Amino acid sequence: MISNSDGLTCANNFAEMDGMTSKKNVFVIGATNRPEQLDPALCRPGRLDSLIYVPLPDEEGRLGILKAQLRKTPVADDVDLNYIASKTHGFSGADLGFITQRAVKIAIKESITIDIARTKEREAAGEDVDMEDEGEDPVPQLTKRHFEEAMQMARRSVSDVEIRRYEAFAQQMKNAGPGAFFKFPEAGAEASNAGAGNSFGDAGNDDGLYD
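Heads up: these notes are all about the structure in this document. None of the values given here were measured: they were computed from a predicted structure.

It is worth spelling out helix 4 (residues 93–124) at this point. Over its 32 residues, helix 4 extends 47 Å from the first C-alpha to the last, a length consistent with the 46 Å expected when each residue adds 1.5 Å. When we look at burial in helix 4, the residues that qualify are Asp95, Leu96, Gly97, Ile99, Thr100, Ala103, Ile106, Ala107, Ser111 and Arg122. As for helix 4, its buried residues are in contact with helix 2 (59–69) and helix 5 (144–151). Positive backbone phi, approximately 80 degrees, marks Gly126, located one or two places after helix 4.

A few words on the packing of helix 2 against helix 4. How two helices pack is summed up by the angle between their axes together with the distance between the axes. At their nearest, the axes of helix 2 and helix 4 sit 10 Å apart, and the two run at 45 degrees to each other. Between helix 2 and helix 4, the interaxial angle falls into the category oblique. When you trace helix 2 past helix 4, the crossing you get is right-handed. Each of Arg62, Ile65, Leu66 and Gln69 in helix 2 lies in contact with helix 4, whose residues at this interface are Gly93, Leu96, Gly97 and Thr100. Here the residues of the contact of helix 2 with helix 4 sort into 3 nonpolar, 4 polar and 1 charged.

Counted as a void, the largest pocket has a volume near 1,300 Å³. As for the largest pocket, its lining consists of 38 residues, of which Gly30, Ala31, Thr32, Pro35 and Leu38 are closest to the centre. Elements with a minimum of two residues in the lining of the largest pocket: helix 1 (4–18) and helix 6 (160–174). Per-class residue counts for the lining of the largest pocket are 24 nonpolar, 8 polar and 6 charged.

Conventions and cut-offs
- Residues numbered from 1 in each chain as written.
- Predicted model: local features only at pLDDT ≥ 70, side-chain atom pairs only at ≥ 80, totals over all residues.
- Heavy atoms only, no water.
- Helix = DSSP H or I, 4+ residues; strand = E, 2+ residues; numbered from the N terminus.
- Expected span 1.5 Å × (residues − 1).
- Buried < 20%, exposed > 50% of the residue type's maximum accessible area, 1.4 Å probe, protein only.
- Contact = heavy atoms within 4.5 Å.
- Axes fitted to C-alpha atoms, helices over the stretch in contact; angles between N-to-C directions.
- Parallel < 35°, antiparallel > 145°, perpendicular 65-115°, else oblique.
- Left-handed = near helix turned anticlockwise from the far one by under 90°.
- Nonpolar A, V, L, I, M, F, W, Y, C, P; charged D, E, K, R; others polar.
- 1 Å grid on protein atoms, 1.4 Å probe; cavity = no way out; pocket = protein on both sides within 12 Å on 5 of 7 lines; lining within 4 Å.
- Points joined across faces, edges and corners; volume = space filled by probe spheres on them.

See below:
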């Protein structure tokens, strides 16, 4: 059941979207992981009338996501992103982002730990620890070990049940109208027989719409 506040929000959104007809360069895009809760009025022509189901990335897509997320991060040559992509079936882009971010955090934590140990060694040796140390980064790149530890905490955020629900909804929307059965009559065919049982409406009763 929709609350009064939700109803007002929807009404305001509809009014704003309907007022964009004169704005030729404005595109309204929305995303949801609860498509079954969409208000039918939101999906009418002229509003969000193009519904696109975006499935989870396949192996090639996952590889592309990993490369994009790590494009500014130094990664060891022996880290096989193809192997990670092959072992993350069912992972979303956000799930893959968790893996890369987790690996980076592990590397940063390791670098800080090494720096602290070095500082303590210098203190014990009586060296000036206040001087800035411009030495090399103790952890200059992500290694296999960082990804292996990150993968231990990785998990899928979208279950198989949810995937089947999304696919069923996408199929339902695809079959919602008779457009898939629309076909012009063959040459010489009787117009009265064209599209019988699959028409968008009863053309012979159009006058009744205005009674």
